[in-house]
Amino acid sequence: TRLDCCQLCLDMSHAVHWGYDPIQAIYDYRDRISYVHLHDYKDGESVQLGEGMMCDYPAFLSALSDIGYTGWITVCPGHTNVPESEKIRVNRAYLKSIGY
């Protein structure tokens, strides 16, 4: 069927909002994941990674490694009144602090 060729952009924040474990989603859809999007929220607001802890990011990224994922992973910067370059720096520093 045509659905067999569909690929998935796994947005872990959507999984969390829908009540679906984003780590389990990695294993459930391992053959369809073509792109991953990280996003974090706190008190209903978009924040930088690690400030809201929507999920266990080290475990999420480890699961991607477990399945051999080598595609793109992007981060959605939080909505704050700081320059984009600062948002990028904060998100990159967080990822480095957890080993990525």
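All of these numbers come straight from a predicted model, not from anything done at the bench. (Residues numbered from 1 in each chain as written. Predicted model: local features only at pLDDT ≥ 70, side-chain atom pairs only at ≥ 80, totals over all residues. Heavy atoms only, no water.)

**A look at the confidence of the model for the protein chain**
Working step 1: Model confidence for the protein chain is summarised by a mean pLDDT of 90, while 98% of its residues fall at 70 or above.
Working step 2: Mean pLDDT in the protein chain bottoms out at strand E1 (residues 8-11), which sits at 86, and peaks at helix H3 (residues 57-66), which reaches 96. (pLDDT = per-residue confidence, 0-100. Helix = DSSP H or I, 4+ residues; strand = E, 2+ residues; numbered from the N terminus.)

**Concerning the pattern of salt bridges**
Working step 1: Applying the stated criterion to the full structure yields two salt bridges.
Working step 2: Two residues, Lys-87 and Glu-84, come together in a salt bridge whose shortest N-O distance is 3.1 Å. Here Lys-87 and its partner Glu-84 are both found in helix H4 (residues 84-97), three residues apart, which amounts to about one turn of the helix.
Working step 3: Overall, Glu-84 belongs to the partly exposed group, its relative accessible area being 45%. (Salt bridge = Lys/Arg side-chain N within 4 Å of Asp/Glu carboxyl O. Buried < 20%, exposed > 50% of the residue type's maximum accessible area, 1.4 Å probe, protein only.)

**Points about the environment of Gln-48**
Working step 1: If you trace the backbone, Gln-48 turns up in the loop between strand E4 (45-47) and H3.
Working step 2: Exposure remark for Gln-48: the relative accessible area of 4% places this residue in the buried category.
Working step 3: Separated by 31 residues in the primary sequence, Gln-48 and His-79 place their C-alpha atoms 8.1 Å from one another.
Working step 4: In this structure, Gln-48 is in contact with Asp-40, Pro-77, Gly-78, Thr-80, Lys-87, Val-90 and Asn-91, ignoring residues within four places of it in sequence. (Contact = heavy atoms within 4.5 Å.)

**Considerations on the state of the cysteines**
Working step 1: Following the criterion strictly, the structure yields zero disulfides and no others.
Working step 2: No disulfide involves Cys-9; its sulfur sits 11 Å from that of Cys-76, the nearest cysteine. (Disulfide = S-S within 2.5 Å.)

**Some points on the side chain of Asn-91**
Working step 1: Residue position: Asn-91 is located in helix H4.
Working step 2: The exposure class of Asn-91 is buried, given its relative accessible area of 5%.
Working step 3: Of the polar contacts made by the side chain of Asn-91, one reaches the backbone nitrogen of Leu-49; its length is 2.7 Å.
Working step 4: Ignoring any residue separated from it by four or fewer positions in sequence, one finds Asn-91 in contact with Gln-48, Leu-49, Val-75 and Pro-77. (Polar contact = N/O pair within 3.5 Å; in protein donor to acceptor, adjacent residues only side chain to side chain.)

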